[in-house]
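Structural characterization, general
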There are 2 protein chains.
Amino acid sequence: MTLRRADFIRESLEQMIVTGALANGERLDETALSERFGCSRTPLREAFQALAASGLIELLPHRGAFVRHPSLTQMVEMFEVMAELEAFCGRLAARRVTSEDLVRLHETVLACEEAVRANDHDCYYHENERFHHLLYRASGNSFLADQASRLHARLKPFRRLQLRVRGRLEQSLAEHRVILEALENGSADETAAALRDHVAVQGGKFNDLMASYNASPLSAQQA
Amino acid sequence: MTLRRADFIRESLEQMIVTGALANGERLDETALSERFGCSRTPLREAFQALAASGLIELLPHRGAFVRHPSLTQMVEMFEVMAELEAFCGRLAARRVTSEDLVRLHETVLACEEAVRANDHDCYYHENERFHHLLYRASGNSFLADQASRLHARLKPFRRLQLRVRGRLEQSLAEHRVILEALENGSADETAAALRDHVAVQGGKFNDLMASYNASPLSAQQA
DNA sequence: AACGCAATAATTGTATACAATATGGTTGAC
DNA sequence: GTCAACCATATTGTATACAATTATTGCGTT
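Rules used throughout
- Residues numbered from 1 in each chain as written.
- Chains lettered and ligands numbered in written order.
- Predicted model: local features only at pLDDT ≥ 70, side-chain atom pairs only at ≥ 80, totals over all residues.
- Heavy atoms only, no water.
- Contact = heavy atoms within 4.5 Å.
- Buried area = accessible area lost by both parts, 1.4 Å probe.
- Salt bridge = Lys/Arg side-chain N within 4 Å of Asp/Glu carboxyl O.
- Polar contact = N/O pair within 3.5 Å; in protein donor to acceptor, adjacent residues only side chain to side chain.
- Helix = DSSP H or I, 4+ residues; strand = E, 2+ residues; numbered from the N terminus.
- Pairing = 2+ DSSP bridges.
- Domains from an automatic or database assignment.
- Nonpolar A, V, L, I, M, F, W, Y, C, P; charged D, E, K, R; others polar.

1. Some points on the interface of chain A and chain B
- In this assembly, 26 residues from chain A lie in contact with 26 residues from chain B.
- Together, the buried faces of chain A and chain B total about 2,500 Å²; carbon and sulfur atoms form 54% of this surface.
- If you sort the residues of chain A by the area they bury against chain B, A:Q49, A:E80 and A:F143 come out on top, with a joint share of 23%.
- The residue A:E80 makes a salt bridge to B:R96 at a minimum N-O spacing of 2.8 Å.
- Taken together, the connections running from chain A to chain B amount to 16 residue pairs in polar contact (both at pLDDT 80 or more).
- For the side of chain A that touches chain B, the secondary-structure elements that each account for two or more residues are α3 (41-53), α4 (72-96) and α7 (142-162) of chain A.
- Among the elements that take part in the side of chain A that touches chain B, α4(A) stands out by supplying nine residues, more than any other.

This is the structure we're talking about:
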């Protein structure tokens, strides 16, 4: 039971940052936040350390904690890395995937199909998460899986925006099917390529992303 | 000027962990360490947060901080990811590298040659670091460069052990030459492949690594 | 003798008090 | 009138005191 006050605060602040409730460049006032959370500055400062480590805020000595939303450039850079990490997961998984993994992956694809039919974006979103995390684990490299999961989590708000684009659900589902088929065939190159294309921000997707970025509350001026 | 006590402590503890001065599974006593560093528990706890974020220690609620050295399996996993990250850096750099970057890379290769002639392992080690960091930056993706640098830093103690193996210096230098040549030719595939081979733990290198791992102070029993 | 429970001790988590540093405004000189 | 230096204020960094939780040890029971 991890009932540490600091952990709760970290998660809360993380939510507030990624949802845009806290604007970019905003300074996190320790006193104000401690009153808001009904605690002292101590657990807040511990939460700050963790947030700074994951890059969500910047900690300037004797000056305070500042929210750092990724710029459009940084976001594209992160997606570029994410695409490569996922491709590598797929490459390894093509050799190492177990039959149980494949069963679970098939389940998520079926669930995704159901979600598309029902036009249930939230459901699709969650099954999509499950598909990707299963894939990370199927790589057989737990360190890689952790790294991929972390970056995946950081890109979460932007992915959510992307899925709002009309027709993206169906396209995403079709790509999942291609990935899974390549995986079952055990062809590493095809799996990797399919995942890279699935994740990478390129062509029309870039314009969609840029549009949603500009429309999102995260788009406040950069430092 | 970042003269925070907590930052100094973090670096100190980091050193103590990676050098093996702190054994695996060892519990970090807040009171004992605060006396040793001549400070209170507060900056120590902040340092713990940062160390936990980079995976060097594990923070169990109400139980304390425990040193977590990577197991041989985890180490191999990390090298597997490192190889892929560097390969990707090379792939991008092959398209994006500037002439200034190439000049600097040539300088490090020359310095490495000098170090090999003088049989100066420390000098070679530092120039090797410089070569790789230049490459990360040359990828033109600063997020990727950061991620690569972080993992590179975490693998530092093990790489140092590897370079001790007889003949490894000359082989490493030769590989640097191949990488740089591929980079100058602008051939992404060759650069990526050369870097993957350079970093990957495979064949005889695996045995060398395993031997040095078992001989190192980090090899204490896993949790 | 072994197991379980309870009280005690030790350690972590949090609050508060104090010290050090940066920021902003005011005053003075040029 | 502008710039620079200095002081006042606010905020961060650290120390210490207190609360909450866990580990340990001893005792009693089976």
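Now that the structure has been shown, the text picks up again.
2. What about the pairing of strand β2 (residues 57-60) of chain B?
- In this sheet, strand β3 (residues 64-67) of chain B lies alongside β2(B) in antiparallel orientation, the contact comprising four bridges. Bridge pairing in β3(B) places B:E58 opposite B:F66.

3. Quick word on the domain arrangement of chain A
All names here are of chain A.
- Parsing chain A into structural domains produces domain 1 (5-67) and domain 2 (72-219).
- Its C-alpha centre places domain 1 at a distance of 29 Å from the equivalent point of domain 2.
- Around 420 Å² of area is buried between domain 1 and domain 2 when both sides are counted, 53% of it from carbon and sulfur atoms.
- Counting the surface domain 1 buries against domain 2, the share from its top three residues, V18, G20 and S54, is 56%.
- Here domain 1 and domain 2 share zero salt bridges between them.
- For the interface between domain 1 and domain 2, the tally reads one residue pair in polar contact (both at pLDDT 80 or more).
- By residue class, the composition of the side of domain 1 that touches domain 2 is three nonpolar, four polar and no charged.

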